[in-house]
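Breakdown of the fold
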Amino acid sequence: MPNDVQMNDAGAEKQDDWVKITSSDGYSFLVKRSVAMISGTLKNMLSEDSSFREAIANTCPISERAAVVEKVCEFMSFKAYYEGPGSKEGVDVNEFTERIPPEVALELLLAADYLEV
């Protein structure tokens, strides 16, 4: 998704614009804050009004293995891109669902429910 990764040599990009999501097996994923805010749970964790450890450190631990967290991050990026402003061509739902391995489908459903995605 073109709006998720931005390179800037001038350093004008604030550190707070990125959120680190960590899996239970130690892998880390960096996503834009706007993408992470799609999840109701992550939105509450990262709320500026809270004094949660996650909001202060911009790091959200997720108690799922990396394969599941990766697919959740991928879906949040997918959703942010296609629900964002501007007209997008219709996307076939199968485009995303074909990339979900059957062995992680149940875990992914449970994680999506917990994360309110």
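Check the entry above for the structure.
Residues numbered from 1 in each chain as written. Predicted model: local features only at pLDDT ≥ 70, side-chain atom pairs only at ≥ 80, totals over all residues. Heavy atoms only, no water.

Focus on the packing of helix α4 (residues 66-83) against helix α6 (residues 105-115)
At a closest axis distance of 10 Å, the pairing of α4 and α6 adopts a crossing angle of 55°. Classed by the angle they form, the pair α4 and α6 counts as oblique. Between α4 and α6 lies a crossing of right-handed hand. Taken together, the residues of α6 that come into contact with α4 (itself represented by V68, K71 and V72) are E107, L108, A111 and L115. A breakdown of the residues in the contact of α4 with α6 according to their chemical character gives 5 nonpolar, no polar and 2 charged. (Axes fitted to C-alpha atoms, helices over the stretch in contact; angles between N-to-C directions. Helix = DSSP H or I, 4+ residues; strand = E, 2+ residues; numbered from the N terminus. Parallel < 35°, antiparallel > 145°, perpendicular 65-115°, else oblique. Left-handed = near helix turned anticlockwise from the far one by under 90°. Contact = heavy atoms within 4.5 Å. Nonpolar A, V, L, I, M, F, W, Y, C, P; charged D, E, K, R; others polar.)

Digging into the packing of aromatic side chains
The description of two aromatic rings rests on the distance between their centres and on the angle between their planes. Using the criterion set out here, one finds 2 aromatic pairs in the structure. When the centroid spacing of 5.0 Å and the interplanar angle of 55° are considered together, the rings of F78 and Y82 count as tilted. With a gap of 4 residues between them, F78 and Y82 both fall in helix α4, about one helical turn apart. Considering the side-chain rings of Y81 and Y82, the 4.8 Å spacing of their centres and the 90° angle between planes classify their relative orientation as edge-to-face. An aromatic cluster is built from F78, Y81 and Y82, whose rings are joined through pairwise contacts. Over the aromatic face of W18 sits the side chain of K32, whose NZ or CZ is 5.4 Å from the ring centroid. (Phe/Tyr/Trp six-rings, centres within 6.5 Å; stacked < 30°, edge-to-face > 60°. Lys NZ or Arg CZ within 6 Å of the ring centre and 35° of its normal.)

Some points on the pairing of strand β1 (residues 18-22)
Each regular strand shows side chains that alternate between the opposite faces of the sheet. Of all 5 residues in β1, 4 are buried; the element is thus mostly enclosed. Relative to strand β2 (residues 28-32), β1 is paired through 5 bridges, and the arrangement is antiparallel. Bridge pairing links V19 to V31 in β2. Adjacent in sequence and paired antiparallel, β1 and β2 are bridged by 5 residues, among which G26 carries a positive phi angle near 95°. Of the strand pairs in this sheet, β1 and strand β3 (residues 59-61) are connected by 3 bridges, and their pairing is parallel. (Buried < 20%, exposed > 50% of the residue type's maximum accessible area, 1.4 Å probe, protein only. Pairing = 2+ DSSP bridges.)

What to know about the environment of Y81
Along the polypeptide, Y81 turns up in helix α4. Taking the C-alpha atoms as reference, Y81 lies 8.8 Å from V35; in sequence the two are 46 residues apart.

Quick look at the environment of S24
For S24, the location among the structural elements is in the loop between β1 and β2. Residue S24 is classed as exposed on the basis of its relative accessible area, which comes to 52%. Once the C-alpha coordinates of S24 and S63 are considered, the two residues, 39 residues apart in sequence, prove to be 4.9 Å apart. Filtering out sequence-adjacent residues up to four positions away, S24 remains in contact with I62, S63, E64 and R65.

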